[in-house]
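Commentary on secondary and tertiary structure
The residues making up each chain are set out below.
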Amino acid sequence: MAYIRKRTLLNRIFEAPAIGKMAPGTALFVYACLLFWTLVVAFPLYWILITSLKTAQDVNGGPFFIPWVDFTPSLHAWKELFVFDYEDTLRSYTNSIVIALLSTLLCISVGSMAAYALARITYKPKFGNILLFVIAMIAGMYTTWKFGVDWKLTIAAAVAVWFLLVRSIGRFFKKSVGNGDILFWMISQRILPPIVTVVPIYMMFQNLKLLDTHIALILTYTVVNLPIVVWLMYDFMNSIPIELEESAQLDGASRLRTFWEIVLPLAKPGLAATTLLVLILAWNEYILAVFLSTSNAQTIPILVSAMNAGERGILWWSMCVVIIIMIIPVVFMAILLQRFISKGVLLGAVKG
Amino acid sequence: MQSSATEDAKRLSLRNLNKSFGSVHVVKDLSIEIEPGEFLVLLGPSGCGKTTALRMVAGLETVDSGSIELGGEDITNALPKYRDIAMVFQSYALYPHKTVAENMGFPLKVAGVARADVDAAVRETAAQVHMIEYLDRFPRELSGGQRQRVALGRAMIRRPYAFLMDEPLSNLDAKLRGHMRAELKHMQHDLGTTTIYVTHDQIEAMTLAHRVAIMNEGVLQQLGTPREVYDQPATLFVAGFMGSPPMNFVHGSIDNQRFTSTNVNLPVSANGSSVKSVLGFRPEDSEVGVAGSGLFDATVFASEQTGEYTLVTVVLGDDTMTIKMPRDFDAAIHSSVSVSFPTDKGFLFDKVSGNRESIHLVGG
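It should be emphasised that the depicted structure is a prediction, and the values quoted were computed from it without experimental measurement.

**A closer look at the domain arrangement of chain A**
Taken as a whole, chain A is organised into domain 1 (9–78), domain 2 (86–121 + 190–342) and domain 3 (125–176). Put simply, the middle of domain 2 of chain A and the middle of domain 3 of chain A, counted by C-alpha atoms, are 33 Å apart.

Shown next, in the form of structure tokens:
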């Protein structure tokens, strides 16, 4: 009567026994894949850990896999970095902490304000005015280069002329750019490969005599990470219903009070997640640090690569020690970030 | 209508308000005088400009031209916080990170009222809106009706001159909506606070309003008591918008003091302002009968029993009409029936301008 086939053995293996259950065959396959991939991912970490405990002979004579069986673990690399050379290690570590924290702080405060402004205010800068500004700046630079006038003077004059032009002929320009264009312009700063921008940034800090200082790295990281903050926070600020702010206005709150008492608490989860992300990016950054720091402002990633130097060859054991102390905070930050994302605080936090 | 709470009897006046968004003229020359303590409902379909008008009164939209005055004082460009007006939003706009008590107390806290006084006011207001047990809850822990009450409480707490309400009941289910409607009416009566209420629901307008302002495409169509707009619709739009089911229309023409359409030929008191004309009558004023016995004959399209009454849909030419009959009535589909109604319950409209004609059907 009914057209339902009987379950064959193959069905029993590859078909779910009930709704919402996994077929035994599928489960086996899935867990096997996951286990395999876990090993692939975890092995390098394990390898770094045991390498940090190996002597030069054990590394070069290897491969040895299991401590106490294949080789005798030794703390010589740890001792070297934390007892004999501890100043260098400590300096890099504090540098990394100071630079990552301060640049993140700066980046988040500037970026979230920019994001809020872009989410709530409609900007219509005239295209012609932007063009005029560029022309005025070029004219200023040309004057400095051609006639040797002090650059501060020419720039001030250029700004003044630009201001007068905007007030007088600015209103005749029709075409204007909008918030979307501003947002795209910001993210476009991130499209260029960082290595391409390194040379001008290097020359700039060289001229300012700020190479190998904390401030150079803090400023650079802030600018580099700003587009990410603006983009993430823009989305987040946009998801806060505007009625809440309108209601606060009618309730008598000033603009600033509305921002502090209504917008900021609601944006907190987004701010926290964005902060973590930017902190991780700043902590891991290598290319810019290579160019902008030598010893005083050296960060941890630079210390890692410094282990590949000199006539002694690559000091694998020491490098692994530095890698371990470098990734520990990142692992904690990643766990924290994962919590934020899995709790859904990033998405739809404002509902209800 | 007037209460002792408004001893200075301030009037809220909207004068020739205009507002455009880009090329769309959303509010056109809107003028309304709102009496102290009045419950005024702005009614119209979505996009008719009613919410924009309300937001202009709140100070959330700028005014292109025209003025808003409160007790003779021009508040057209005043900041929202200086208008002495509270608003209830469609989404309630409760602060998600604040408790019920903090939400309600926020307007007073911002105004710098001492903490103890805020607490006392919150308790008093919470009692009025029956939320006293929920003061420590967060908005997400409340039902739709409770959130609605908190929003009302937050509006009430600082005793504003006027309440502005933007479709406050539209997020509630049908049963709760009916209940909250009654509560709102009761509360507004007791407080005696001037209220402007925006809705697209004509039942809410009819039941709540002292006066209804019906808007369409940014233009005020008619301003009057619910009875007036229902019984004496000024335009074709008002006639078709009010009532459920709405007024029936027969499209035809008036010539030689007679209204003619398919199967229809009725005498009228005089010729209209234009030849093209529309005859309107309400479903509950009319009845169907044996073919040939009424004002005109039509064909039955469907007969629906709702339990309370029977709705008979008939077709006449291109027009479809609904007639409300007693609950035990039934008519066979495709059969021919007559339609009749008292001639003083028929309205004639100028098809071109949409305005009601001053002429009427002649008894026959």
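**A look at the confidence of the model for chain A**
Residue and element names in this part refer to chain A. Averaged over all residues, the pLDDT of chain A is 85; the fraction at 70 or higher stands at 96%. Per-element mean pLDDT across chain A ranges from 78 in helix 3 (residues 56–61) up to 92 in helix 2 (residues 24–51). In this model residues 346–352 is a low-confidence stretch, pLDDT under 50, and it forms 14 contacts with partners more than four residues away in sequence or in other chains.

**Thoughts on unusual backbone geometry**
Residue and element names in this part refer to chain B. The linkage connecting Ser244 with the following residue, Pro245, adopts the cis geometry, with an omega of 0 degrees. Look at Asp84: it is not a glycine, yet its phi comes out positive at around 60 degrees. When you line up the elements, Asp84 lands in the loop between strand 5 (73–74) and strand 6 (85–88). Of the residues examined, Asp84 has 16 C-beta atoms within 10 Å and is grouped as partly exposed.

**Focus: helix 1 (residues 50–58) of chain B**
Given 3.6 residues per turn, any residue in an α-helix points the same way as the ones three and four places further on. Residues and elements named next belong to chain B. The buried fraction of helix 1 amounts to nine of the nine residues, a majority that puts the element mostly inside the structure. Taken as a whole, helix 1 has its buried residues at Lys50, Thr51, Thr52, Ala53, Leu54, Arg55, Met56, Val57 and Ala58. Once helix 1 finishes, Gly59 follows within two positions and takes phi at roughly 90 degrees, a positive value.

**With respect to the environment of Thr213 of chain A**
Relative to the elements of secondary structure, Thr213 of chain A occurs in the loop between helix 9 (194–207) and helix 10 (214–238). Taking the number of C-beta atoms within 10 Å as the measure of exposure, Thr213 of chain A has 16 and is therefore partly exposed.

**A closer look at the sheet that holds strand 5 of chain B**
All names here are of chain B. Taken in spatial order, the four strands make up an open sheet running 2-1-4-5, and their pairing is antiparallel. The sheet is open, and its two edges are formed by strand 2 (24–34) and strand 5, each paired on a single side. Across five bridges, strand 1 (residues 12–21) lies against strand 4 (residues 65–70) in antiparallel orientation. Paired with Asn18 across the strands is Ser65, a residue of strand 4. Here helix 1 sits on the sheet in contact with strand 1, strand 2 and strand 4, set at roughly 120 degrees to strand 1.

**So, the pairing of strand 19 (residues 336–340) of chain B**
Residue and element names in this part refer to chain B. Residues Val337 and Val339 line the buried face of strand 19, whereas the alternating positions Ser336, Ser338 and Ser340 sit on a face that is not buried. Alignment of strand 15 (residues 287–290) against strand 19, held across four bridges, turns out to be antiparallel. When the sheet's bridge partners are listed, Val290 is paired in strand 19 with Val337. The sheet contact formed by strand 16 (residues 296–305) and strand 19 spans four bridges and is antiparallel. Paired with Ala298 across the strands is Val337, a residue of strand 19.

**Comments concerning the sheet that holds strand 8 (residues 194–199) of chain B**
Residue and element names in this part refer to chain B. Read across the open sheet, the six strands follow the order 6-7-8-3-9-10; overall the sheet is mixed. Sheet topology places strand 6 and strand 10 (219–224) at the edges, where each strand pairs with a single neighbour. With strand direction ignored, the average angle separating the axes of adjacent strands in the sheet is 15 degrees.

Rules used in this analysis
- Residues numbered from 1 in each chain as written.
- Chains lettered and ligands numbered in written order.
- Predicted model: local features only at pLDDT ≥ 70, side-chain atom pairs only at ≥ 80, totals over all residues.
- Domains from an automatic or database assignment.
- pLDDT = per-residue confidence, 0-100.
- Helix = DSSP H or I, 4+ residues; strand = E, 2+ residues; numbered from the N terminus.
- Contact = placed C-beta atoms within 7 Å.
- Buried ≥ 20, exposed ≤ 12 C-beta atoms within 10 Å, placed from the backbone.
- Pairing = 2+ DSSP bridges.
- Axes fitted to C-alpha atoms, helices over the stretch in contact; angles between N-to-C directions.

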